[in-house]
Amino acid sequence: MKLRIRLLGTVELRVDSKVVTPGAAKRRAVLAGLAIEANRSVSLHRLAEMVWSDVPPASAVANLRSHVAVLRRTLGDRLVARPNAYELRLAPDELDVAEFQRLAGEGRALLATAEPAGAIATLTAALEQWRGASGDGLPRGTALDNRWASLDEQRLQVFEELAEARLAAGQHGDLLPELRGHLAAHPLRERAWGQLMLALYRCGDVPAALTVYRDARAVLDEQLGIEPGEDLATLHRAMLDRAPELSYVPVVVAPTPPPTAEVRPAVGWTVPRELPADLVTFVGRTRETADVVDTVGGAKAAAVVVTGAAGSGKTALAVRAAHAVAGGFPDGQVFVDLGYRNSVTPGEVLARVLRALGVAPADVPGNTDERAGWFRSLAAGRRFLLVVDGVTRAAQVRPLLPAGPGPALIVVGQRRLGSLDGVRRVALRPLGAAQGRDVLAAFAGPERLAADPAATAKLVRLCAGSALALRIAGTRLARCPALSVAALVAQVGDGQDRLDLLAYEDLSVRESLATGVAAVRSDDEVAGRLLELLGASPDAPARVDRAAAQLGVSAHRVRRALEELADAHLIQCEGPGGYRLPALVREYAAELAAVPSAPTHPLPGWRVDPVAA
């Protein structure tokens, strides 16, 4: 089944090229919310915020489940049920938002390399994804409003990037009416005022260009009470001076010399700079960060696996370390997020990396071995850094291991990926009490915590060493100055609601756990069912042979499943044959047990008796 969901305008759903009417506005909002968060679990609480503009009614959950049931008749197994959440699985080309952002990124890259013709075609294709205001026809005043506002802002930026490309290509005369229309709708866009001035200047109408500057200055003063920025003021002074660099100079593309045997494959159009923004409030993990930096910062071929439980801060640490060493990798930095999906193949990862290095999509080989060979040719001797997040299987990144000096690889995953040879492993343990207080203090302020040290210590314990849980708790305190630490402890201390409270905007402990558990379940069904059994009765002793009987498998198979869960940091080993569920995993496992994937009998406990085993 081929889907096409369009959110850049009126919400539209196509199934195998046929338009399907989703139904009422709230059902369209459910579809839009799941699509905008494609391939990620969206909690019922978060989904309700996307659908209702005010406080959701008491029937919100029932209504959401009803809307999802109707949508599933069309979407089939693309719409996946999670504990108290749903996930819509989409390929990148099935959502117009993803296609717009992909084309916009490619257009910017071409513009940065002085390829205006290619940038014009690509950025024009990006804007053609739009059919009106994003999310048109959906309820307003909901949590989706910020997403629509962000997309509308991106549309304006792409329009102005396209205008820049067209100015570089000498299309200044054709641009005039479009820029004037753009500014009539968005009069505070200084970049567009400058583009209109430059277009008029290059058309030979200098007085009109200077008049546009006065118009821009008047608008900014009247609406914002500010003067034009330095870029616009500098452009105005250059026009007064008739600066020669303002004149249009056609771009002359030098002929490409014939290849010689000595020329090695070159990184493509541009040097990639794909690292996400570094966290400003990154706290702790000093030793682990230094281990990663030391591993990849040298001149030798280097690879490191950062592993840890869901919410332990693996990605933040990897990004922090990557920024720390980025200056030593002048050939670029590539960041790939696999989203903890087992379905991602090594060939797909290689294709993504090759495109980042400038290989045109049409030129990417169809064969995985050929992709791996081309990657090694491009990587040979080059100083570029590759960060791959959300890895579930060693096979996904094995072809990316550096074959010689130059490149470096940082892999992030919950599993140790023990079959990868020659890599360093940096395991993130739960944060200790002192580090936990430091994380809370970074968000809520040390004075706030010092006012009630006993409640602070309890809040740190309730967050169970999870960097994500601590970050969310600190953000909740920062958001509400009137909320005392003790009051937040009273809320979070209720185990039934803890995972609900450990969520803020797009940060959610439950979603983080759900992603990790889903990866294990899709790879090992027995491990998934065993986790449900452990969550059903976590307090009494358990035996491998009894679990084997309840699951209908051998004791050896249960032991292997336990090892898989331990490798994914979903259970912790306590001596020979003994295991326990970490605190937050325990609560999530209890939710799984409440809605089991297959009929099971309750297993009395989670501690394995090594004698009986």
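Think of each chain on its own: its residues are numbered from 1, step by step along the sequence as written. Note on the predicted model: pLDDT of at least 70 is required for a residue's local features to be given, and 80 or more for side-chain atom pairs to be given and counted; whole-chain, interface and lining totals, by contrast, use all residues. Heavy atoms throughout the structure, all of them, feed into the side-chain values; hydrogens and water do not.

Here we take up the overall build of the chain. In DSSP terms, a helix is any run of H or I states spanning at least four residues, a strand is any run of E spanning at least two, and both are numbered starting from the N terminus. In terms of helices and strands, the chain carries 26 helices and 17 strands. For the radius of gyration, the atom set is restricted to C-alpha positions; the globular benchmark scales as 2.2 Å times the number of residues to the power 0.38. A compact globule built from 613 residues should have a C-alpha radius of gyration of about 25 Å, and the chain, at 27 Å, falls within 12% of that. For the chain, the spread of C-alpha atoms along the three principal axes comes to 90 × 65 × 60 Å. Long-range pairs, those at least 24 residues apart, make up 70% of the contacts in the chain between residues at least 6 apart in sequence. Note that accessible areas follow from Shrake-Rupley with a 1.4 Å probe, and for residues the cover is restricted to the protein chains shown. Counting only carbon and sulfur atoms, one obtains 54% of the accessible surface of the chain, whose full area is about 27700 Å². Between the averaged position of the 71 positive side-chain charges in the chain and that of its 69 negative side-chain charges there is a distance of 5 Å. Contact criterion: two residues are considered in contact whenever any of their non-hydrogen atoms come within 4.5 Å of each other. Within this scheme the basic residues Lys and Arg register as positive and the acidic residues Asp and Glu register as negative, but His and the chain ends are omitted. By convention, the charge on Lys lies at NZ, on Arg at CZ, on Asp at CG and on Glu at CD.

Ranked by size, the top nonpolar core spans 80 residues in total, and within it Ile5, Leu7 and Leu88 carry the most contacts. If you count residues domain by domain, this core takes at least three from each of domain 1 (1–167) and domain 2 (170–248). The contacts of Leu88, once residues within four sequence positions are left out, are Ile5, Leu31, Leu34, Ala35, Ala38, Asn39, Leu75, Arg78 and Leu79. Core analysis: the next-biggest nonpolar cluster, separate from the first, contains 57 residues, Val460, Leu462, Leu499 and Leu513 among them. Take the buried residues of types Ala, Val, Leu, Ile, Met, Phe, Trp, Tyr and Cys, join any two whose side-chain atoms come within 4.5 Å, and each joined set is a nonpolar core. Only protein chains enter the accessibility calculation, which uses a 1.4 Å probe; a residue is then buried when its area is under 20% of its type maximum, exposed when over 50%, and partly exposed in between. Each domain span listed reflects an automatic or database assignment of domains.

Further remarks concern helix α6 (residues 145–168). Think of an α-helix as turning once every 3.6 residues; residues three or four places apart then point the same way. Expected helix span is taken as 1.5 Å per residue step, with the number of steps being one fewer than the number of residues. Helix length check: α6, at 24 residues, gives a terminal C-alpha distance of 35 Å against a target of 34 Å (1.5 Å per residue), a fit within 8%. Buried residues in α6 make contact with α1 (25–36), α4 (96–112), α5 (116–127), α7 (172–185) and α8 (190–202). Phi turns positive one or two residues past the end of α6, at Gly170, with a value near 85°.

Considering only enclosed or pocket space, the second largest pocket measures out at about 820 Å³ in volume. Along the wall of the second largest pocket there are 33 residues; nearest its centre are Ser43, His45, Arg46, Glu49 and Ala503. Those elements giving two or more residues to the lining of the second largest pocket turn out to be α2 (44–51), α3 (60–75), α6, α19 (467–479), α21 (498–501), β12 (503–504), β13 (507–508) and α22 (509–523). Examining the composition of the lining of the second largest pocket, we find that 5 residues originate from one element, α2, more than from any other. The class makeup of the residues in the lining of the second largest pocket is 13 nonpolar, 7 polar and 13 charged. As defined here, a cavity is a set of points on a 1 Å grid over the protein atoms alone where a 1.4 Å probe fits but cannot get out. A pocket is an open set with protein on both sides within 12 Å along at least five of seven lines, and residues line them when an atom is within 4 Å of a point. Grid points are joined across faces, edges and corners, and a volume is the space filled by probe spheres set on the points. Under the scheme applied, nonpolar residues are Ala, Val, Leu, Ile, Met, Phe, Trp, Tyr, Cys and Pro; charged residues are Asp, Glu, Lys and Arg; polar residues are all the others, including Gly.

With that out of the way, let us pick up the UniProt feature "domain: Bacterial transcriptional activator" (unreviewed entry) in the chain. Within the UniProt annotation, "domain: Bacterial transcriptional activator" (unreviewed entry) is assigned to residues 95–240. The straight-line gap between the two end C-alpha atoms of residues 95–240 is 47 Å; of that span, 75% is helix and 0% is strand. UniProt positions are given in the numbering used here, feature names are shortened, and annotations may be inferred rather than shown by experiment.

With 4 of its 5 residues buried, strand β8 (residues 333–337) lies for the most part within the structure. Pairing of β8 with strand β9 (residues 385–389), which is carried by 5 bridges, proceeds in the parallel orientation. Of the residues in β9, the one forming a bridge with Phe335 is Val387. Should DSSP find at least two bridges between two strands, the strands are regarded as paired.

With 13 residues, α19 ought to run about 18 Å at 1.5 Å a step, and its terminal C-alpha atoms sit 18 Å apart, in line with that. With respect to burial, α19 is a largely interior element, 10 of its 13 residues being buried.

Our next topic: unusual backbone geometry. Phi at Asp16 is positive, roughly 50°, even though this residue is not glycine. Mapped onto the elements, Asp16 comes out in the loop between β2 (12–15) and β3 (18–20).

Glancing now at the packing of α22 against helix α26 (residues 583–594). Geometrically, a packed helix pair is captured by the angle between its two axes and the distance between the axes. Axis angles are defined between N-to-C directions and span 0 to 180 degrees, where every axis is a line fitted to C-alpha atoms and, for a helix, only to the segment in contact. One can describe the packing of α22 onto α26 by two numbers: an axis separation of 10 Å at closest approach and a directional angle of 70°. Our classification of the angle between α22 and α26 gives roughly perpendicular. Between α22 and α26 lies a crossing whose hand is right-handed. Packed against α22, whose contacting residues are Val509, Arg510, Leu513, Ala514, Val517 and Arg521, the element α26 presents Leu584, Val585, Tyr588, Glu591 and Leu592 at the interface. Classifying every residue of the contact of α22 with α26 gives 8 nonpolar, no polar and 3 charged. In this scheme, roughly parallel covers angles under 35 degrees and roughly antiparallel covers those over 145, while 65 to 115 is roughly perpendicular and the rest are oblique. It is the rotation of the near helix from the far one that decides the hand of a crossing: anticlockwise by less than a right angle makes it left-handed, clockwise makes it right-handed.

Right, let's get into the environment of Ile410. Structurally, Ile410 is set in strand β10 (residues 408–413). Separated by 23 residues in the primary sequence, Ile410 and Val387 have C-alpha atoms spaced 4.7 Å apart. Apart from residues lying up to four places away in sequence, Ile410 is in contact with Val292, Val296, Val304, Val306, Ala318, Ala322, Leu385, Leu386, Val387 and Val388.

Moving on, we come to the packing of helix α24 (residues 544–551) against helix α25 (residues 555–567). One way to put it is that α24 packs onto α25 with a least axis distance of 8 Å and a crossing angle of 100°. It follows that α24 is roughly perpendicular to α25 by the angle criterion. Listed contacts from α25 to Val544, Ala547 and Ala548 of α24 are Ala555, Val558, Arg559 and Leu562.

In a beta sheet, neighbouring strands pair by backbone hydrogen bonds and run either parallel or antiparallel. The 3 strands lie next to each other as β1-β2-β3, forming an open sheet whose pairing is antiparallel. Bordering the open sheet on either side are β1 (3–6) and β3, each of which pairs with just one other strand. In this sheet, adjacent strand axes meet at a mean angle of 30° when their direction is disregarded. By the bridge criterion, 4 bridges tie β1 to β2 in an arrangement that is antiparallel. Bridge pairing in β2 places Arg6 opposite Glu12.

Here Arg82 is to be found in strand β5 (residues 79–82). The contacts of Arg82, once residues within four sequence positions are left out, are Ser41, Glu87, Arg89 and Ala518.

Sheet architecture is open: 5 strands sit in the order β8-β9-β10-β7-β11, paired in parallel fashion. Both outer strands of the open sheet, β8 and β11 (424–428), are each paired with one neighbouring strand and no more. Within the sheet, the average angular offset between the axes of one strand and its neighbour, ignoring direction, is 15°. Pairing geometry for strand β7 (residues 302–308) and β11, over 5 bridges, is parallel. The residue bridging Val304 from the neighbouring strand is Arg424, located in β11.

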